[in-house]
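Residue-level listing of the chains:
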Amino acid sequence: MILTQTCSHPSPQLIITIGFATTVGLGMARWTGMLPNLPYWIVLLPSWLSHFGLLGCHVASARALSIFIAEANQKRQRQDSTDHLDRTEYLPLLQRALKFGLKTGLISFCIFLFEVLVYLRLVKGTMSLGVALTPIWIIVVAGFLDGIICKTQHFVRVVCWALLFASMVLAVLKADHGFDDDDDVVSWRMVISPIVAMLSISSAALIYIVYGHQVGYYRLSEAQLTAGILYSVATLICILLVATMSEVIPNDGEDAGDMHIFVVALAPLIMVLVGMGAWTVSRDEFERLLQFGGQAAIHPMRLRLERLGWN
């Protein structure tokens, strides 16, 4: 199959993981003072390169998919063919590929734009935090409305979107509108609290799913189970990292140097665990697409009598 050619290209998950992990590690090194003179463009360069690498993967996948669909249409027209795959309808495969490509492309573009705005804020110092967060506002509001109006998400995910939105609002109030620690109105602990709550909910949900698989309540594939374990470990480490950053680092105690090394090591590890989990699941889904041609996406629908007949 033509689609198998995409396996020879670097995985998009691995490209994103390497770029983001490097950027997070360099950013933490500058924030903790281990590399205080590191330019911001060097910190963000690995992440920017990963976005362009993801764009290249999208282009290569689109070309491979178009060639595959064209050859499938030619084989379907052969009356003497005895291969059942030549009679397979690949429209669900095309729909799933387009949906995944558009969603990941838009998210990648929003995050790239957010990184550029953050860079301008750090370098120029004239841009407000609320403006720099504009692409993230779009993602969060779209996810929240999608769960409320379209009802395509679980209630727990909608709560997580709301907690993230609350944390962003508190951060903007503190950074842009003078709600500093002296007034005891908005502290950094208040800003981080919704993030910790969101991570706790995510960790509990992941642990519940993994445990449910062990007792037979859920039926996960090997790849899904591996990804669930990796995500669970990543969320627990992220909670530990946030707690360390908010409590230990600002005090600058005697062990601050050791804590700085601890933070710089943990931050990229979280990105690596999440990226490896995403890569495991994507490989499993890719094999399912090659095996079934996206037919698993077809669900029975009710017939409707329209003007031109039954649809």
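Residues numbered from 1 in each chain as written. Predicted model: local features only at pLDDT ≥ 70, side-chain atom pairs only at ≥ 80, totals over all residues. Heavy atoms only, no water.

*Asks:* Can you explain the overall build of the protein chain? Please cite residues and give values.
*Replies:* Secondary structure assignment for the protein chain yields nine helices and two strands. When the helices and strands of the protein chain are placed in sequence order, the string is α-α-α-α-α-α-α-α-α-β-β. Taken over 311 residues, the protein chain has a buried fraction of 32%. By sequence separation, contacts in the protein chain at least 24 residues apart represent 66% of the contacts at least 6 residues apart. Roughly 19400 Å² of accessible area belongs to the protein chain as shown, and the carbon and sulfur atoms make up 67% of that amount. (Helix = DSSP H or I, 4+ residues; strand = E, 2+ residues; numbered from the N terminus. Buried < 20%, exposed > 50% of the residue type's maximum accessible area, 1.4 Å probe, protein only. Contact = heavy atoms within 4.5 Å. Areas by Shrake-Rupley, 256 points an atom, 1.4 Å probe, with all protein chains shown as cover.)

*Asks:* Break down the packing of helix H5 (residues 134-150) against helix H6 (residues 155-176) for me, with residues and values.
*Replies:* In a packed pair of helices, the relevant descriptors are the angle between the two axes and the axis-to-axis distance. In the contact formed by H5 and H6, the axes pass within 9 Å of each other and the chain directions differ by 150°. On the basis of their axis angle, the class for H5 and H6 is roughly antiparallel. Considering the relative orientation of H5 and H6, their crossing is left-handed. For the pair formed by H5 and H6, the contact residues are Ile136, Trp137, Ile139, Val140, Val141, Gly143, Phe144, Gly147 and Ile148 on the first element and Val158, Trp161, Ala162, Leu164, Phe165, Met168, Val169 and Val172 on the second. (Axes fitted to C-alpha atoms, helices over the stretch in contact; angles between N-to-C directions. Parallel < 35°, antiparallel > 145°, perpendicular 65-115°, else oblique. Left-handed = near helix turned anticlockwise from the far one by under 90°.)

*Asks:* Give me the side chain of Thr32: which residues, what numbers.
*Replies:* Within the secondary structure, Thr32 sits in the loop between helix H1 (12-31) and helix H2 (40-76). Among the polar contacts made by the side chain of Thr32, one reaches the main-chain carbonyl oxygen of Met28 at a distance of 2.8 Å. With sequence-adjacent residues up to four places away left out, Thr32 is seen in contact with His260, Val263 and Val264. (Polar contact = N/O pair within 3.5 Å; in protein donor to acceptor, adjacent residues only side chain to side chain.)

*Asks:* Outline the environment of Pro39, supporting the account with residue identities and numerical values.
*Replies:* Structurally, Pro39 can be placed in the loop between H1 and H2. A sequence separation of 13 residues divides Pro39 from Leu26, and the C-alpha atoms of the two residues are 9.9 Å apart.

*Asks:* So what's going on with the nonpolar core? Residues and values would help.
*Replies:* Among the nonpolar cores identified, the biggest contains 15 residues, and Met28, Ile237, Cys238, Leu241, Ile270 and Leu273 are the most heavily contacted of them. Within the residue set of this core, elements represented by two or more residues are H1, helix H8 (222-247) and helix H9 (256-292). Counting 11 residues, the second-largest nonpolar core is a separate cluster that includes Trp137, Val140, Val186 and Val191. (Core = buried A, V, L, I, M, F, W, Y, C linked by side-chain atoms within 4.5 Å.)

*Asks:* Can you tell me about H1, naming the residues and giving the values?
*Replies:* With 20 residues, H1 ought to run about 28 Å at 1.5 Å a step, and its terminal C-alpha atoms sit 28 Å apart, in line with that. Backbone geometry just downstream of H1 places Gly33 in the positive-phi region, at approximately 90°. (Expected span 1.5 Å × (residues − 1).)

*Asks:* Quick rundown of a nonpolar patch on the surface? Include the residues and the values.
*Replies:* A contiguous nonpolar patch, built from Val141, Phe144, Leu145, Ile148, Ile149 and Phe165 and spanning about 510 Å² of accessible area, is present on the exposed surface. Here the element with the most residues in the nonpolar patch is H5; it accounts for five residues. Tracing the sequence through the fold places Phe165 in helix H6. (Patch = residues over 30% accessible without salt bridge, like charges linked within 9 Å, V, L, I, M, F, W, Y side chains within 5 Å. Salt bridge = Lys/Arg side-chain N within 4 Å of Asp/Glu carboxyl O.)

*Asks:* Before we move on, could you go through helix H7 (residues 188-215) and cite the residues and values that matter?
*Replies:* In this model H7 runs 40 Å from its N-terminal to its C-terminal C-alpha over 28 residues, within 8% of the 40 Å that 1.5 Å per residue would give. Three or more residues of H7 are buried, namely Val191, Pro194, Met198, Leu199, Ser203, Leu206, Val210 and Gly212. Positive backbone phi, at 95°, marks Gly216, one or two positions downstream of H7.

*Asks:* Report on the environment of Ile237, specifying residues and quantitative values.
*Replies:* Mapping Ile237 onto the fold places it in helix H8. Considered as a pair, Ile237 and Leu266 are 29 residues apart in the sequence and their alpha carbons are 7.3 Å apart. Beyond its immediate chain neighbours, meaning those up to four positions away, Ile237 contacts Leu266, Leu269, Ile270 and Leu273.

*Asks:* Tell me about the packing of H6 against H7, residues and numbers included.
*Replies:* The geometry of H6 relative to H7 is characterised by a closest axis approach of 8 Å and an angle of 165° between their N-to-C directions. Between H6 and H7, the angle is such that the two are roughly antiparallel. Our pair here, H6 against H7, has a crossing hand that is left-handed. When H6 is examined against H7, the residues Val156, Val159, Cys160, Leu163, Leu164, Ser167, Leu170, Ala171 and Lys174 are found in contact with a partner set consisting of Trp188, Met190, Val191, Pro194, Ile195, Ala197, Met198, Ile201 and Ser202. Residues of the contact of H6 with H7, tallied by class, amount to 15 nonpolar, two polar and one charged. (Nonpolar A, V, L, I, M, F, W, Y, C, P; charged D, E, K, R; others polar.)

*Asks:* Please give an account of the confidence of the model for the protein chain that cites residues and values.
*Replies:* Residues at a pLDDT of 70 or more form 78% of the protein chain, whose mean pLDDT is 80. For residues 1-8, every residue scores under 50 in pLDDT, and the model assigns this stretch 21 contacts once sequence neighbours within four places are set aside. (pLDDT = per-residue confidence, 0-100.)

*Asks:* Go over the side chain of Thr23, please, and point to the residues and values.
*Replies:* Its location among the elements puts Thr23 in helix H1. Among all residues touching Thr23, those that are not within four sequence positions of it are Val43, Leu44, Pro46 and Ser47.

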